[in-house]
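Below, each chain spelled out in residue letters.
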Amino acid sequence: MGAVLVGCGGSPGERHTAAAPPAAPAPSPPAPTPATKPPVLAPGPAGLTPVFKRGPQHTEKVVALSFDADMTADEGPRAAAGEHFDNPELIALLRRLKVPATVFMTGRWAEQYPAQARSIGTDPLFEIGNHSYSHYAFTSPCYGLPTAEKGELRGEVERAAGAIRATGARNVVPYFRFPGGCYDDASLRALAPEKVTAVQWDVVSGDAFATDADAVAEQVLEGVRPGSLVVMHCTRSAAPVTAEAVGRVVPELRKRGYRFVKVSQLMAG
């Protein structure tokens, strides 16, 4: 859309039969364009936080890959003992393949891996969304996750935002992903003052706790349609085959004519 508008911005000057006017001075260089703010959805009914699940079904084949960087507030000792909640191999692969992506990061993950969070959040290939501080569920039941108290929901978002900013990450978007993808109207109401858009998905990769990269890749390839939003994970201990699956998904989708975009670009579409 932006390319169309730029292309239609002017037309050739008319030719005159009268004497040619004095030569016009060379045009000044265009003023710098301010950075575009990431798009957000309008509030839902009764002012509830809006929820985005997929892009419009464009004729153009675009797809967004999103990765949840999960870590609960009480998993620090496990990380100290050597458990890996990060996945630098995956991030390196996305860079090699030049695949833009959105990482939904918990505050606890950002605190555990500040250098990685800063690297992701300063690379224009990526953007960071908020995934709560502790990865506690915002409603119950939710896949066995501990449940945050209702009075703590906004604090979970604010504390995560502070932890991510403290790393020096700059490419932070006003999007929130519910831990486990679990939410209800009370959750949406509690988050409304934060003015974020909740981001879900329409394609589940099945990479959480999976050990078969081929099965994960096949599930993604079967589910993707133009405008799809895929959920995956950036956590080696809980999703050990994600990088391998991505290495198979990306070339196949490109062969099928798909272009990869970030969630903000998908939403803008």
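Rules and cut-offs
Residues numbered from 1 in each chain as written. Predicted model: local features only at pLDDT ≥ 70, side-chain atom pairs only at ≥ 80, totals over all residues. Heavy atoms only, no water. Salt bridge = Lys/Arg side-chain N within 4 Å of Asp/Glu carboxyl O. Helix = DSSP H or I, 4+ residues; strand = E, 2+ residues; numbered from the N terminus. Buried < 20%, exposed > 50% of the residue type's maximum accessible area, 1.4 Å probe, protein only. Contact = heavy atoms within 4.5 Å. pLDDT = per-residue confidence, 0-100. 1 Å grid on protein atoms, 1.4 Å probe; cavity = no way out; pocket = protein on both sides within 12 Å on 5 of 7 lines; lining within 4 Å. Points joined across faces, edges and corners; volume = space filled by probe spheres on them. Nonpolar A, V, L, I, M, F, W, Y, C, P; charged D, E, K, R; others polar. Arc of directions from axis to C-beta. Polar contact = N/O pair within 3.5 Å; in protein donor to acceptor, adjacent residues only side chain to side chain. Phe/Tyr/Trp six-rings, centres within 6.5 Å; stacked < 30°, edge-to-face > 60°. Lys NZ or Arg CZ within 6 Å of the ring centre and 35° of its normal. Core = buried A, V, L, I, M, F, W, Y, C linked by side-chain atoms within 4.5 Å.

Chemist: Just give me the short version of the pattern of salt bridges, but keep the residues and values in it.
Modeler: Opposite charge on two side chains makes pairing possible when the charged atoms of those side chains draw close. Under the counting rule described, the total for this entry stands at 14 salt bridges. Measuring nitrogen to oxygen at the nearest pair gives 2.7 Å for the salt bridge that ties Arg95 to Asp123. Residue Arg95 is found in helix H3 (residues 88–97), and its partner Asp123 is found in the loop between helix H5 (114–121) and strand S4 (126–130); the two are separated by 28 residues along the sequence. Put simply, Glu75, Arg78 and Glu83 are held in one network by salt bridges that share partners.

Chemist: Hey, could you go over the side chain of Asp123 for me, with residue numbers and the actual values?
Modeler: For Asp123, a relative accessible area of 16% corresponds to the buried category. For Asp123, the contacting residues outside a window of four places in its chain are Arg95 and Asn171.

Chemist: Outline the confidence of the model for the chain, listing residues and values.
Modeler: Per-residue pLDDT for the chain averages 89, and the proportion of residues at 70 or more is 87%. Overall, residues 1–34 carries pLDDT values under 50, and its contacts beyond four positions in sequence, including any with other chains, amount to zero contacts.

Chemist: If you had to explain the layout of surface pockets to someone new, which residues and values would you point to?
Modeler: Quantified by volume, the largest pocket comes out at close to 720 Å³. Forming the boundary of the largest pocket are 30 residues, of which Asp70, His135, Ala208, Phe209 and His233 lie nearest the centre. Partitioning the lining of the largest pocket into residue classes produces 12 nonpolar, 11 polar and seven charged.

Chemist: Give me helix H8 (residues 213–223): which residues, what numbers.
Modeler: Inspection of H8 places Ala213, Val216, Ala217, Val220 and Leu221 among the buried residues, and these make up the whole buried set. With its buried residues spanning 130 degrees around the axis, H8 presents them on a single face. Looking at the buried side of H8, the elements it contacts are strand S7 (203–204), strand S8 (228–233) and helix H9 (242–255). For H8, the N-terminal cap is Asp212; the gap from its side-chain oxygen to the backbone nitrogen of Asp214 is 3.0 Å.

Chemist: How would you summarise the environment of Lys37 if you had to cite specific residues and measurements?
Modeler: As for its placement among the helices and strands, Lys37 is situated in the loop between helix H1 (2–7) and strand S1 (51–52). Judged by relative accessible area, which is 73%, Lys37 ranks as exposed. Sequence separation between Lys37 and Pro174 is 137 residues; the distance between their C-alpha atoms is 9.5 Å.

Chemist: Could you give an account of the packing of aromatic side chains, naming the residues involved and the relevant values?
Modeler: Counting across every chain of the model gives five aromatic pairs. Ring plane angle 80 degrees and centroid distance 5.5 Å describe the contact between Phe138 and Phe178, whose orientation is recorded as edge-to-face. Of the two residues, Phe138 sits in the loop between S4 and helix H6 (153–166) while Phe178 sits in the loop between strand S5 (172–176) and helix H7 (185–191), which places them 40 residues apart along the sequence. According to the relative accessible area criterion, Phe178 is buried, its value standing at 0%. Grouped by ring-pair contacts, the aromatic residues Phe138, Phe176, Phe178 and Tyr183 constitute a single cluster. The aromatic ring of Tyr133 is capped on one face by Arg159, whose charged end is 3.8 Å from the ring centroid.

Chemist: Describe the nonpolar core, listing the residues and the values that go with them.
Modeler: It is characteristic of soluble globular proteins that their nonpolar side chains tend to be buried jointly. One finds Phe67, Leu94, Met105 and Trp109 to be the most contacted residues of the largest nonpolar core, which totals 45 residues. With six residues, the single largest contributor to this core is H9. When neighbours within four sequence positions are excluded, Leu94 is seen to be in contact with Phe67, Val99, Ala101, Leu125, Phe126 and Val246. Counting 12 residues, the second-largest nonpolar core is a separate cluster that includes Ala64, Phe104, Val173 and Val261.

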